[in-house]
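Chains, contacts and geometry: an overview
Next come the chains, spelled out residue by residue.
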Amino acid sequence: IGSVVAAFMRHDCRIDRARKPPALSDSNTYTHVVLPGVGSFSAGMEALVGLSWDSWITDFWFTYNRPLLGICLGMQLLASEGSEGSAVGNTTQGLDLIPGQVSLIPSANRIILPHVGWNDIHWSDQQTPLSQNIPSGGDMYFVHSYAFQPTDSSHCLATSHYGSDFASVVGRGNCYGVQFHPEKSQRLGKRMISNFLAL
């Protein structure tokens, strides 16, 4: 979270690290929301539900189509469900803002998990707001073992390849998720944060 805050502060933003959702009467003072995350899907959702962030995000922020960016686990929590941290054969319900499932990256090609390091992203639509001035094939920094599989292919805005293709950027309306860490992705990550803030 500290790295994310520092990255946004370099854009002269006023940052509020909110532990609990703001009262609805105060919510209009915010322009953008970032949902960062590291850890398992089940633990992430437990934390959101326990602090009532889930209802604030889905019933208020998303309903009014306000800019939301999920980073890494934060991206995955936008999905309908995820299997990480659940009992074998079970899943945990996500925020369901971008329909899809989060599951373990297939390791049939003897790839090593987690997927750690720089990898290129390939835009499905170079006109999407997050892609501005970011070339297709540009490198971002990843750390993950699970991947988001959107139900609707139009919600997959960019893909990357690690053993197989996976969604590296998803979006629906002004709700976006990135599997990589823009705050650790140097020049192109800084550009993506700028694109998000321009929404």
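Structure report, in brief. (Residues numbered from 1 in each chain as written. Predicted model: local features only at pLDDT ≥ 70, side-chain atom pairs only at ≥ 80, totals over all residues. Heavy atoms only, no water.)

**A closer look at the overall build of the protein**
From N to C terminus, the protein includes six helices and 12 strands. With the principal axes as the frame, the protein shows a C-alpha extent of 50 × 40 × 30 Å. Within the protein, the proportion of its 199 residues that are buried is 45%. Partitioning the intrachain contacts of the protein with sequence separation of at least 6 by distance along the chain shows that 67% fall at a separation of at least 24. Carbon and sulfur atoms make up 49% of the accessible area of the protein, which totals about 9800 Å². (Helix = DSSP H or I, 4+ residues; strand = E, 2+ residues; numbered from the N terminus. Buried < 20%, exposed > 50% of the residue type's maximum accessible area, 1.4 Å probe, protein only. Contact = heavy atoms within 4.5 Å. Areas by Shrake-Rupley, 256 points an atom, 1.4 Å probe, with all protein chains shown as cover.)

**Section: the sheet that holds strand β9 (residues 146-150)**
Sheet strands pair by backbone hydrogen bonding; their relative direction is either parallel or antiparallel. Pairing within the open sheet is mixed, and its four strands lie in the order β4-β3-β5-β9. Strand pairing shows two members of the sheet lacking a second neighbour, β4 (92-93) and β9, which therefore form its edges. Where strand β3 (residues 81-82) meets β4, two bridges bridge the pair, whose relative direction is antiparallel. Residue pairing for β4: E81 is matched across the bridge by Q93. (Pairing = 2+ DSSP bridges.)

**Comments concerning the sheet that holds strand β7 (residues 122-123)**
Read from one edge of the open sheet, six strands run β1-β2-β12-β11-β10-β7, paired in mixed fashion. A single partner strand is all that each edge strand has here, and the edge strands are β1 (33-37) and β7.

**Focus on the packing of aromatic side chains**
Applying the stated criterion to the full structure yields nine aromatic pairs. Note on W56 and F60: the rings are 5.6 Å apart at their centroids and 45° apart in plane angle, and the pair reads as tilted. Of the two residues, W56 and F60 both sit in helix α4 (residues 53-61), four residues apart, roughly one turn of that helix. The burial state of W56 is the same as that of F60; both residues are buried. Sitting over the ring of W61, R66 keeps its end group 5.5 Å from the ring centre. (Phe/Tyr/Trp six-rings, centres within 6.5 Å; stacked < 30°, edge-to-face > 60°. Lys NZ or Arg CZ within 6 Å of the ring centre and 35° of its normal.)

**A look at the pairing of strand β11 (residues 164-172)**
Bridge analysis of strand β10 (residues 156-162) against β11 gives six bridges, and the strand direction is antiparallel. By the bridge assignment for β11, H161 is matched with D165. Hairpin connection of β10 to β11: one residue between the antiparallel strands, including G163 at a positive phi of 80°. Bridge count between β11 and strand β12 (residues 175-178): four bridges; the pairing is antiparallel.

**A few points about the environment of G37**
With respect to the helices and strands, the residue G37 is situated in strand β1. Along the chain, G37 and M75 lie 38 residues apart, while their C-alpha atoms are 8.1 Å from each other.

**Describing the side chain of Q179**
Mapped onto the fold, Q179 is located in the loop between β12 and α6 (186-197). Setting aside chain neighbours within four positions, we find Q179 in contact with C72, M75, Q76, F142, H144, Y146, A147, F166, A167 and S168.

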